[in-house]
Amino acid sequence: MKVNVKIMKNDSSKEISVSSALIDNLYYIIKETYLNAEKIEIDNPTNADNNELGDFLTYILAYPKGVKTPQVIVRDKFINTNNHYYDKFKNRVLVCFSGGVDSTGALIKMIDTGKNPIAIWCDYGQPYRNPERKAVESICKKLKVTLIEATLDLSDLIAIGGERFGHVFPARNLMISAIALCFYPKEIVLAGLCDELIVPDKSIRMYNEFVKYFGVQLYSPFVTMTKTEVLCLWKAKWDKYLNANETVSCYSDNGNCQNCSSCAKREVAFVASGYSDQYPKVFDNQHKLIEEHWFSRIDIFQYERRTDMLIALHKYVDKLTPKLQELVNLNYKKYKNEIDVRIKELENLKLQ
Ligand SMILES: [Zn+2]
């Protein structure tokens, strides 16, 4: 299949297309997964070992929990037909981009360290693709970064499997990385945070093994960090490039609804890092989510997520709902020691 690509730099743009045996095969296994296949057989589109690649692809598809996903069997025959690459960006750093704090931070970190990155964004038929496109285009323009905009319409597949998979789109990051490979990158950056490495194609295994199968290093510069820590660094070093408030992680009409789980997580990071010093309305609007879904799991949260959340909520404790006040006060006392350690850690990051 052909992937249509628009390459945009400042105000000029150019349209090309790329394709590869890897993209064809990933499309095929995603389709079969949506169609509820138990076993998928493909010819090997890489130089990797058949069994190892089959095992890796099976792992990538195995999400979310509770949904039965297929086993991928890779056959002996090596194929590399249909490889149509673009060679003007050879050996550049490609950053998988979505316009949120994490991927924008990654892009800026690459700029700041002189790596001259290119952003790649994919329209694969996701529900919020239009506001997402607006955000990535506007940020790349401000940062003067070349943007590769790839279009791969999978909306018919998403419609088929949507009920079983919810908002999860299997192998999405792997597919975007496969498109990135068509540009001969030196390395691919996929920004994953330490408390969000849950999806198989944004997991430690993905970061560790990608190079083995596809010959290019894929990594996250924030693999040991949380969103709060990224924002501490941002405040200390990157504000000269872009204000972090210009990133978008909520795809409501106005891009900042203050009434969804994405906005709630984002505001925790903005407040806990000290990037923002305003009371976020989402702490009111989503108090139920915070009371019921977050506090019921607070003891099993990773240390960073737990402390960041308590630091942020405690800052505005008087403004919270009575129930939330009670939960915050109780847990702030309970976790006081680790919160003190955390506050010092965050302060140190800001000194960098
Ligand atoms: Zn929102």
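Residues numbered from 1 in each chain as written. Predicted model: local features only at pLDDT ≥ 70, side-chain atom pairs only at ≥ 80, totals over all residues. Heavy atoms only, no water.

K.L.:
So what's going on with helix α2 (residues 50-61)? Residues and values would help.
P.N.:
Each full turn of the α-helix corresponds to 3.6 residues, which orients residues three or four apart in the same direction. Under the 1.5 Å per step criterion, the end-to-end length of α2 is 17 Å for 12 residues, consistent within 8% with the ideal 16 Å. Those residues of α2 not exposed but buried are N50, L53, G54, F56, L57, I60 and L61. Buried residues in α2, looked at end-on, bunch into an arc of 165°, giving them a common side. Near the N-terminus of α2, the side chain that reaches the backbone nitrogen of N51, with its oxygen 3.1 Å away, is that of D49. (Helix = DSSP H or I, 4+ residues; strand = E, 2+ residues; numbered from the N terminus. Expected span 1.5 Å × (residues − 1). Buried < 20%, exposed > 50% of the residue type's maximum accessible area, 1.4 Å probe, protein only. Arc of directions from axis to C-beta. Polar contact = N/O pair within 3.5 Å; in protein donor to acceptor, adjacent residues only side chain to side chain.)

K.L.:
Which residues make up the nonpolar core, and what are the values?
P.N.:
Counting 63 residues, the largest nonpolar core has W234, F283 and F295 as the members making the most contacts within it. If you count residues domain by domain, this core takes at least three from each of domain 1 (1-225) and domain 2 (246-350). V18, A150, L157 and Y207 belong to the second-largest nonpolar core, a separate cluster that totals 59 residues. (Core = buried A, V, L, I, M, F, W, Y, C linked by side-chain atoms within 4.5 Å. Domains from an automatic or database assignment.)

K.L.:
Got a sec to walk through the coordination of the zinc ion? Specific residues and values, please.
P.N.:
Of the protein atoms, only C250 (SG), C257 (SG), C260 (SG) and C263 (SG) coordinate the zinc ion, at distances of 2.3 to 2.4 Å. Considering all four donor atoms around the zinc ion, the spread of angles at the metal, 103 to 120°, places the coordination shape in the tetrahedral class. All donors of the zinc ion come from a single chain, and their spacing in sequence reads C-x6-C-x2-C-x2-C. A relative accessible area of 3% means that C250 is categorised as buried. (Donors = N, O, S within 2.8 Å, 3.2 Å for Na, K, Ca; no water. Tetrahedral: all angles 85-135°; square planar, octahedral: opposite > 155°, others 65-115°.)

K.L.:
Let's hear about unusual backbone geometry: which residues, and what values?
P.N.:
Here the bond from Y63 into P64 is cis, since omega is -5°, no more than 30 degrees from zero. You can see P64 is positioned in the loop between α2 and β4 (71-78). The phi torsion at N10 lies on the positive side, around 50°, for a residue other than glycine. Its relative accessible area of 43% is what places N10 among the partly exposed residues. With a phi close to 50°, N116 is a non-glycine residue in the positive phi region. Taking relative accessible area as the criterion, N116 reaches 47% and is therefore assigned partly exposed.

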